[in-house]
Structures are given as structure tokens and as C-alpha cells.
Amino acid sequence: MKKAIKGTFGYLKCKRNMVLIRTMIYFAISLALLFAGIITTGSKKNLLTIVAVLGCLPACKSLVNLIMYFKASGCSEMAKTKIEKDEGSLVGMYDMYFTSYKKNFAISHMVVEGKNICGFTESDTCDTKACEEHLNTMLKQGGHKDMTVKIFTDINKYCERLKQLNALGCSTPQKDDEVRVVLYDISL
């Protein structure tokens, strides 16, 4: 199984598969301990039952992660093909899924160029204004002020913006990397 690297195409799908396997293993271990205790002592009242129940804690935490990964949708192959043509020298981030207290935001592709952050979502349920506000708030908390965040729902307009950002070419790579790190940290 390939390693899932945040920001690469197919990250959410790969991570979902890894978390699914991990969750099944965790629950299998807990069940094996429970049955081993019952078989060896003939009763549920034994030390292995307690260990099996405690083993359900990480298994349930992993199950919650799995649910989040199943809710998250990544970038489609069609969108990736179209975006790659116009991405140029920009560093693209695929399959970004941001969570807030009120809403979740599935961003298929995102770029950082100077003070500009542009993203594209294929999700019909993504509230772009709320996403922009959430990202601005999180970036300010991360020490990055005066950033302009724009989330597009139309892939053609997004590709046009990518062309414009490529033409500007006014970024500092180190600063862009710092912003990307914050975005990676707050995404699923």
C-alpha cells in the first residue's frame, strides 16, 4: 500500500483505506482477547475481558476517524486533468478537507501564491463563504494576516485564476510553504 501524503492526489482515498484496515485490526484484537478470556476461564468475568473493553477505546477513536474519511470526498480525475494544464509553476494541494465546529469543507484543489489562496470545490454542499471565513480565521491564528482566500465552484473560473496567479509570480516560496503547513495542519 502506498504512503498517503497530505496534499497529493488520492490522499483521502488512500488514508480512508489505511484507517479502515487499522479499525478492523483494532476491533479484531479486542474481540480476540474477549473470546480468549471466555474460552480459557469459561466466564466473561476475567482480566482479558477488561483488557478487551479497554482495547475498544482506540478502536472507537479509529472508527470516528474512519467516518470522517468516508464523509470526505477528494478531487475527481476529470478535475485533476483540467487543473494540471493551468497549474503551471504553482504548488497544488489536492484532497483538502477542513473541519469547523459548524460545517465541513471539501476542497478538491488549492494553491498558495503570495497573499492569495485559491481553492476549488466540487462539493455541492460546501459553503464557500463560510469556508473562506474559516480559513481566514485559522490563518490569522497561525500568524498569517492579510491573506485573501477565494474558493471557486466553477472549474473554468478557477483555472483562469490559476493562469493569472502564474502570470503574477510574486510569491516568496518560504512564506508560501509556511502557509501551506498551516493549511495541512488544519485539514483532515
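Here, every reference points to the structure presented above.
Residues numbered from 1 in each chain as written. Predicted model: local features only at pLDDT ≥ 70, side-chain atom pairs only at ≥ 80, totals over all residues. Heavy atoms only, no water.

Student: Please set out the layout of surface pockets residue by residue, giving values where relevant.
Tutor: To locate leftover empty space, one rolls a probe as large as a water molecule over the atoms. Its volume calculated, the largest pocket comes out at about 230 Å³. Per element, the largest residue contribution to the lining of the largest pocket is 4 residues, and it comes from helix α4 (residues 128-141). (1 Å grid on protein atoms, 1.4 Å probe; cavity = no way out; pocket = protein on both sides within 12 Å on 5 of 7 lines; lining within 4 Å. Points joined across faces, edges and corners; volume = space filled by probe spheres on them. Helix = DSSP H or I, 4+ residues; strand = E, 2+ residues; numbered from the N terminus.)

Student: So what's going on with the environment of Lys103? Residues and values would help.
Tutor: Turning to its location among the elements, Lys103 is positioned in the loop between β1 (92-99) and β2 (104-113). Not counting residues within four places of it along the chain, the set of residues in contact with Lys103 comprises Phe98, Asp127 and Ala130. (Contact = heavy atoms within 4.5 Å.)

Student: Could you give me a rundown of the packing of aromatic side chains, with the residues and numbers involved?
Tutor: Under the defined criterion, the tally for this structure stands at 3 aromatic pairs. Pairing Phe120 with Tyr158 gives two aromatic rings, centres 5.7 Å apart and planes at 25°, and the pair type is stacked. Of the two residues, Phe120 sits in strand β3 (residues 116-120) while Tyr158 sits in helix α5 (residues 155-168), which places them 38 residues apart along the sequence. For Phe120, a relative accessible area of 4% puts it in the buried group. Linked through ring pairs, Phe120, Phe152 and Tyr158 together constitute an aromatic cluster. Positioned over the ring face of Phe9 is Lys80, at 5.0 Å from the centre of the ring. (Phe/Tyr/Trp six-rings, centres within 6.5 Å; stacked < 30°, edge-to-face > 60°. Buried < 20%, exposed > 50% of the residue type's maximum accessible area, 1.4 Å probe, protein only. Lys NZ or Arg CZ within 6 Å of the ring centre and 35° of its normal.)

Student: Any chance you could break down unusual backbone geometry for me, citing the residues and the numbers?
Tutor: In the Ramachandran plot, Asp95 falls in the positive-phi region, its phi being about 55° despite a non-glycine side chain. Note that Asp95 resides in strand β1.

Student: Can you lay out the packing of helix α3 (residues 77-87) against α5 for me, pointing to particular residues and giving the numbers?
Tutor: Running from N to C, α3 and α5 point in directions that differ by 25°, and their axes come no closer than 8 Å. Taken together, the axes of α3 and α5 lie roughly parallel to each other. Both α3 and α5 take part in a crossing whose hand is right-handed. Residues Ala79, Lys82, Ile83, Asp86 and Glu87 of α3 touch α5, and the partners they reach there are Ile155, Asn156, Tyr158, Cys159, Leu162, Lys163 and Asn166. (Axes fitted to C-alpha atoms, helices over the stretch in contact; angles between N-to-C directions. Parallel < 35°, antiparallel > 145°, perpendicular 65-115°, else oblique. Left-handed = near helix turned anticlockwise from the far one by under 90°.)

Student: Outline the sheet that holds β1, supporting the account with residue identities and numerical values.
Tutor: In spatial order, the strands read β1-β2-β3-β4; together these 4 strands make up an open sheet with mixed pairing. Each edge of the open sheet carries a strand with a single partner, namely β1 and β4 (148-152). Between one strand axis and the next, the sheet turns by 30° as a mean value, whatever way the strands run. Where β1 lies against β2, 7 bridges are found, and the strand directions are antiparallel. Directly across from Phe98, in β2, lies its bridge partner Phe105. (Pairing = 2+ DSSP bridges.)

Student: Can you break down α5 residue by residue, with the values?
Tutor: Between its first and last C-alpha atoms α5 spans 20 Å; for 14 residues at 1.5 Å apiece the expected length is 20 Å, and the two agree. Looking only at α5, the buried set comprises Ile155, Tyr158, Cys159, Leu162 and Leu165. All buried residues of α5 fall inside an arc of 115° around its axis, so they share one side. Facing away from the buried side of α5 by over 90 degrees, the exposed positions are Lys157 and Ala167. Next to the buried residues of α5 lie α3, β2, β3 and β4. At the N-terminal boundary of α5, the capping side chain belongs to Asp154, with an oxygen 3.1 Å from the backbone nitrogen of Asn156. (Expected span 1.5 Å × (residues − 1). Arc of directions from axis to C-beta. Polar contact = N/O pair within 3.5 Å; in protein donor to acceptor, adjacent residues only side chain to side chain.)

Student: Give me the lowdown on the state of the cysteines, citing residues and values where you can.
Tutor: For the structure shown, the criterion picks out 0 disulfides. Free of any disulfide, Cys56 has its nearest neighbouring cysteine sulfur in Cys60, separated by 5.7 Å. Judged by its relative accessible area of 28%, Cys56 falls in the partly exposed class. (Disulfide = S-S within 2.5 Å.)

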